[in-house]
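Here is how the chains run, residue by residue.
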Amino acid sequence: DAGITQSPRHKVTETGTPVTLRCHQTENHRYMYWYRQDPGHGLRLIHYSYGVKDTDKGEVSDGYSVSRSKTEDFLLTLESATSSQTSVYFCAISESSDTQYFGPGTRLTVL
Amino acid sequence: AQSVTQPDIHITVSEGASLELRCNYSYGATPYLFWYVQSPGQGLQLLLKYFSGDTLVQGIKGFEAEFKRSQSSFNLRKPSVHWSDAAEYFCAVRKTSGSRLTFGEGTQLTVNP
């Protein structure tokens, strides 16, 4: 299995609070991604990174920001969490045109 | 933009029966195609992928998929399902240039004893 960890694995927070999720890889892959998974929607791309400090938006980026200061870490921040951001968040990594490998996920509940 | 449709939200089969999960894609050229499986509470695991060449691809756990350009399909098959195959299955498509995946909505597979 690809060396991908996500932290925390579970989090409950309140509306309006900031939240940061962390994805850490040990594979030295160039690309990293954040997805959210919701029933009936499959996985939808939030943001992705194609190198240190190089990021771009996905299809559902509103309300989220990301940062990548090191190859191994990709942070997803909800500046002010809302109930609509209750979801399961998955990180993935890939090396250029190769396959994406997924982390174990973070379950976020916003009350 | 590319898109993926998995027409079956939920499929139930008996253990030992054959399985076919459907996937249709929309893309102007030949895409890269993937099938992933997700067990409850877990991340996604790659079953197989198609980039080019032989249109019948073999994957892990006894799964195979066939790329049919004329039908814009990439259906997943298994000749004999095991109870441990119960999971959610996702088809995904990617352009030949770039790295972004587009996922289908998933098919939930239930296996009856």
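Residues numbered from 1 in each chain as written. Chains lettered and ligands numbered in written order. Predicted model: local features only at pLDDT ≥ 70, side-chain atom pairs only at ≥ 80, totals over all residues. Heavy atoms only, no water.

**Here we look at the pairing of strand β12 (residues 107–112) of chain B**
Residues and elements named next belong to chain B. What counts, and what does not: Exposure is judged per residue with a 1.4 Å probe applied to protein chains only, and the accessible area is read against the type maximum: over 50% gives exposed, under 20% gives buried, and values in between give partly exposed. Helix and strand assignments follow DSSP, with helices taken as H or I runs no shorter than four residues and strands as E runs no shorter than two, numbered in order from the N terminus. Pairing between strands is defined by DSSP: at least two bridges between them are needed.
Alternating residues of β12 divide into Thr107, Leu109 and Val111, all buried, and Gln108, Thr110 and Asn112, none buried. With five bridges joining them, strand β2 (residues 10–14) and β12 adopt parallel strand pairing. Bridging across to β12, Ser14 finds its partner in Asn112. Of the pairings in the sheet, the one linking strand β10 (residues 87–94) to β12 comprises three bridges and is antiparallel in character. Residue pairing for β12: Ala87 is matched across the bridge by Leu109.

**Section: the sheet that holds strand β1 (residues 4–7) of chain A**
Residues and elements named next belong to chain A. Note the following rule: Working convention: axes come from line fits to C-alpha atoms, limited for helices to the stretch in contact. Angles between N-to-C directions cover 0 to 180 degrees.
Reading across the sheet, the four strands line up as β1-β3-β8-β7 and stay open at both edges, with antiparallel pairing between neighbours. Since the sheet does not close on itself, it has two edges, and those belong to β1 and β7 (64–70), each with one partner. Sheet twist, expressed as the average angle between the axes of neighbouring strands with direction ignored, equals 20°. Note that strand β3 (residues 19–25) and strand β8 (residues 73–78) share six bridges and pair antiparallel. Of the residues in β8, the one forming a bridge with His24 is Asp73.

**Quick notes on the environment of B:Trp35**
Mapped onto the secondary structure, B:Trp35 falls in strand β5 (residues 32–38). Accessibility expressed as a relative area gives 0% for B:Trp35, which makes it buried.

**Examining the environment of B:Ser99**
Heads up, the condition is: Contacts are residue-level and defined by heavy atoms, with any inter-residue pair within 4.5 Å sufficient.
Within the secondary structure, B:Ser99 is located in the loop between β10 and β11 (101–103). In this structure, B:Ser99 is in contact with A:Tyr31, A:Tyr33, A:Ser96, A:Gln100 and B:Arg94, ignoring residues within four places of it in sequence.

**Digging into the pattern of salt bridges**
The condition that has to hold: Take a side-chain nitrogen of Lys or Arg and a carboxyl oxygen of Asp or Glu: if they are within 4 Å of each other, that pair is a salt bridge.
Under the counting rule described, the total for this entry stands at eight salt bridges over all chains. Notably, a salt bridge pairs A:Asp73 with A:Lys70, separated by 3.3 Å at the nearest N-O pair. Here A:Lys70 falls in the partly exposed class, since its relative accessible area comes to 40%. Among the ionic pairs, B:Glu66 bridges to B:Arg77, the shortest N-O distance being 3.2 Å.

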